[in-house]
Amino acid sequence: MSETDYPSDTLQDFTPEPAEPRRVVVLISGNGSNLQALIEAQEHDRLGGEIAAVVSNQPDAYGLKRARDAGIDAVALPHREYESREAFDGALIKVIERHEPDLVILAGFMRILTPRFVQRFLGRMLNIHPSLLPAYQGLHTHARALADGVTEHGCSVHFVTEELDGGPVALQAVVKVDSTDSEDSLKDKVQAREHLILPIAVNWFLEGRLKLSGDTVTMDGTPLPATGMRLSHDDAAEELDEDA
């Protein structure tokens, strides 16, 4: 028997099982326009994973219909049916973990989260916020920006920590504020940028490029500045086919 008669111990004929796509759970409270941007990114194979479920604390949220129309598990979990914030968050943890997500996304989820909830998903939970953080944490960001007469506004994707809208920033997009802008027109311009950068940040996270290391966000292992990566007004306008 020659050497070539021995059975091969190589893996040439081995076909590995395809890797399971990374899983995302999206939390919403309303219309779900950022959810729609994520769905469209997934449909065009630009998300880096799949949306396993959408959960809303408002049973009539239009975003739940968006999820069902896309064939995504849509779960209504009305917060008013729970006696406390802690009880609701405990139930929400169970619903989320049933879907075994790699990432939890707050896409217009209008709830203040308990420390228990934040710690359960720390480092794998992103939020989209309509301001250039740390400016204008909280609500009514566009009205406050206009009242202050700022020339630049925008939106931020950040990791969620126990500080409301205070977690480390991953990605921002800037919009110029015109003297003619109203709260509604500014909201529309900022929202277009939200739809642009949220799927990008999610893709980076799911590909393992974007991480939270302690209090610092890293991209491909390199620490980012406090404002994260920032897309200028002109660059965002070009991506969105706007007049810069």
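This text goes with the structure placed above it.
Calculation criteria
Residues numbered from 1 in each chain as written. Predicted model: local features only at pLDDT ≥ 70, side-chain atom pairs only at ≥ 80, totals over all residues. Heavy atoms only, no water. Helix = DSSP H or I, 4+ residues; strand = E, 2+ residues; numbered from the N terminus. Buried < 20%, exposed > 50% of the residue type's maximum accessible area, 1.4 Å probe, protein only. Lys, Arg positive; Asp, Glu negative; His and termini not counted. Charge placed at Lys NZ, Arg CZ, Asp CG, Glu CD. Contact = heavy atoms within 4.5 Å. Pairing = 2+ DSSP bridges. Right-handed = clockwise from strand over helix to strand, strands pointing away. 1 Å grid on protein atoms, 1.4 Å probe; cavity = no way out; pocket = protein on both sides within 12 Å on 5 of 7 lines; lining within 4 Å. Points joined across faces, edges and corners; volume = space filled by probe spheres on them. Nonpolar A, V, L, I, M, F, W, Y, C, P; charged D, E, K, R; others polar. Phe/Tyr/Trp six-rings, centres within 6.5 Å; stacked < 30°, edge-to-face > 60°. Lys NZ or Arg CZ within 6 Å of the ring centre and 35° of its normal. Salt bridge = Lys/Arg side-chain N within 4 Å of Asp/Glu carboxyl O.

Trainee: Just give me the short version of the overall build of the protein chain, but keep the residues and values in it.
Mentor: A count of helical and extended segments in the protein chain gives seven helices and eleven strands. Counting only C-alpha atoms and orienting by the principal axes, one finds that the protein chain spans roughly 90 × 45 × 35 Å. Residues classed as buried in the protein chain amount to 46% of the 244 residues present. For the protein chain, the distance from the average position of its 22 positive side-chain charges to the average position of its 41 negative side-chain charges is 7 Å.

Trainee: Break down the environment of Thr-161 for me, with residues and values.
Mentor: Tracing the chain through its elements places Thr-161 in the loop between strand S6 (152-159) and strand S7 (169-176). The class for Thr-161 is partly exposed, based on a relative accessible area of 23%. In sequence terms Thr-161 and Leu-113 are 48 residues apart; their C-alpha atoms lie 9.3 Å from each other. Once residues lying within four places of it in the same chain are set aside, the contact partners of Thr-161 are Val-118, Leu-122, Gly-166, Gly-167 and Pro-168.

Trainee: Could you give an account of the pairing of strand S1 (residues 22-28), with specific residues and numbers?
Mentor: Here S1 lies mainly inside the structure; five of its seven residues are buried. Pairing of S1 with strand S2 (residues 49-56), which is carried by seven bridges, proceeds in the parallel orientation. The residue of S2 that forms the bridge with Val-24 is Ile-51. Taking the sense of rotation as the criterion, the β-α-β connection linking S1, helix H1 (residues 33-43) and S2 turns out right-handed. Sheet topology note: the S1/strand S4 (residues 103-106) ladder contains four bridges and is parallel. Directly across from Leu-27, in S4, lies its bridge partner Leu-106.

Trainee: Which residues make up the layout of surface pockets, and what are the values?
Mentor: Its volume calculated, the largest pocket comes out at about 1,100 Å³. Together, 36 residues line the largest pocket, and Gly-108, Phe-109, Met-110, Pro-130 and Leu-139 are the ones closest to its centre. Taken together, the elements giving at least two residues each to the lining of the largest pocket come down to H1, strand S5 (125-129), helix H5 (141-148) and helix H6 (183-206). Considering each element in turn, the lining of the largest pocket owes the most residues, five residues, to H6. For the lining of the largest pocket, the per-class residue count stands at twelve nonpolar, 16 polar and eight charged. Taken as a whole, the second largest pocket holds about 180 Å³ of empty space. Lining of the second largest pocket is provided by Ala-37, Glu-40, Ala-41, Arg-46, His-195, Leu-196, Pro-199, Ile-200, Asn-203 and Glu-239. For the lining of the second largest pocket, the secondary-structure elements that each account for two or more residues are H1 and H6. Broken down by element, the residue count for the lining of the second largest pocket peaks at five residues, all from H6.

Trainee: Could you give an account of the packing of aromatic side chains, naming the residues involved and the relevant values?
Mentor: Scanning all chains against the criterion turns up three aromatic pairs. Considering the side-chain rings of Tyr-82 and Phe-88, the 5.7 Å spacing of their centres and the 70 degrees angle between planes classify their relative orientation as edge-to-face. In this structure, Arg-111 packs its charged tip against the face of Phe-88, placed 4.9 Å from the ring centre.

Trainee: So what about the pattern of salt bridges? Which residues, and what values?
Mentor: Under the defined criterion, the tally for this structure stands at nine salt bridges. Salt-bridge contacts for Arg-23 lead to Glu-50; the nearest nitrogen and oxygen are separated by 3.3 Å. In this pair, Arg-23 sits in strand S1 while Glu-50 sits in strand S2, placing the two residues 27 residues apart along the sequence. The partner of Glu-97 in a salt bridge is Arg-120, and the shortest N-O contact between them spans 3.0 Å. Pair noted here: Glu-97 is in helix H3 (residues 85-98) and Arg-120 is in helix H4 (residues 115-120), with a separation of 23 residues, a long-range link. According to the relative accessible area criterion, Arg-120 is partly exposed, its value standing at 34%. Through salt bridges with shared partners, a single network forms among Asp-178, Asp-181 and Lys-189.

Trainee: Tell me about H1, residues and numbers included.
Mentor: Residues of H1 that are buried include every one of Ser-33, Asn-34, Leu-35, Ala-37, Leu-38, Ile-39 and Ala-41, and no others. Elements in contact with the buried residues of H1: S1, S2, helix H2 (62-69), S4, S5 and H6. Count one or two residues on from H1 and you reach Asp-45, which has phi positive near 60 degrees.

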